[in-house]
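Here's the letter readout for the chains.
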Amino acid sequence: MTGKLIVMEGGEGGGKTTQLHYLHRWLCQLPAVQSLQAEGQITDIVVTREPGGTLTGQRIRQLLLDTSPEEPLSDRSELLLYAADRAQHVDHWLKPRLAAGAWILCDRYSASTVAYQGYGRELDLALIDQLNQIATGGLVSDLTLWLDVPVEVGLGRAQARGESDRMEQASLAFHHRVRQGFSQVFAQATYPVEQIDAMSDEMTVAQHIQAAMLRWLSQWYPTHFSS
């Protein structure tokens, strides 16, 4: 039995975390999903995140997002910390649950490293690809939902929430490079990607995500979901 890895990606202020929890609640309430669970085809539907999906990852997350470290993180150190977090997450959290038949909803995955550290920090893309291969052990998402929003809009939303983390405090030019990075990554992706316009209100965006999910559920489980 193998589960499904569904990843939500995007820049700052796209609403990933909020939409991930909306998606989780919606999936859990779908009669067809409940039927799959009753039949034993799905063991669980869980939510996780990167960085910070494991106990070790939570410590790494504090280092990565701290706005007042004792010494600034170098760009290469930042890259390696993200890789370490992902390796721990894949080995100790994602793979065991997928093997048991869980659906996993994950806030960020390998595309974020390419976008943020490759395009945003302008580190070597070939090196990042190699690190991602090592960290993921070849595990790719079954579906990636890209919540895309213009940089200025997304940063405005992030700032409205209150205190900004270290990534949100990066320059406007950095965040424009990140958005370009996501666009490049997903244009070349060999796994399924659905681009979601995240400009609308939360519930409208949630409806777009649900529509995209139903298209894929119909392919994965045609006897339970009508296309």
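First, a word on scope: everything that follows refers to the structure included in this document. (Residues numbered from 1 in each chain as written. Predicted model: local features only at pLDDT ≥ 70, side-chain atom pairs only at ≥ 80, totals over all residues. Heavy atoms only, no water.)

**A few points about the overall build of the protein**
Step number 1: Of the regular secondary structure elements, the protein holds nine helices and five strands.
Step number 2: Helices (α) and strands (β) of the protein occur, in sequence order from the N terminus, as β-α-α-β-α-α-β-α-α-β-α-α-β-α.
Step number 3: The principal-axis extents of the C-alpha atoms in the protein amount to approximately 55 × 35 × 30 Å.
Step number 4: When burial is assessed residue by residue, the protein has 50% of its 227 residues classed as buried.
Step number 5: Partitioning the contacts of the protein with sequence separation of at least 6, the portion at a separation of at least 24 is 78%.
Step number 6: If you sum the accessible surface of the protein, you get close to 11000 Å²; carbon and sulfur atoms cover 50% of it.
Step number 7: One way to put it: in the protein the 18 positive side-chain charges average out to a point 2 Å from where the 26 negative ones average out. (Helix = DSSP H or I, 4+ residues; strand = E, 2+ residues; numbered from the N terminus. Buried < 20%, exposed > 50% of the residue type's maximum accessible area, 1.4 Å probe, protein only. Contact = heavy atoms within 4.5 Å. Areas by Shrake-Rupley, 256 points an atom, 1.4 Å probe, with all protein chains shown as cover. Lys, Arg positive; Asp, Glu negative; His and termini not counted. Charge placed at Lys NZ, Arg CZ, Asp CG, Glu CD.)

**Remarks on the sheet that holds strand β3 (residues 103–107)**
Step number 1: Strand order in the open sheet formed by five strands is β2-β3-β1-β4-β5, and the pairing between neighbours is parallel. Since the sheet does not close on itself, it has two edges, and those belong to β2 (45–49) and β5 (193–197), each with one partner. On average, each strand axis in the sheet is tilted by 20° relative to the strand beside it, whichever way the strands run.
Step number 2: Each of β1 (4–9), β4 (143–148) and β5 touches helix α8 (residues 172–187); the most contacted strand, β4, lies at about 150° to it. (Pairing = 2+ DSSP bridges. Axes fitted to C-alpha atoms, helices over the stretch in contact; angles between N-to-C directions.)

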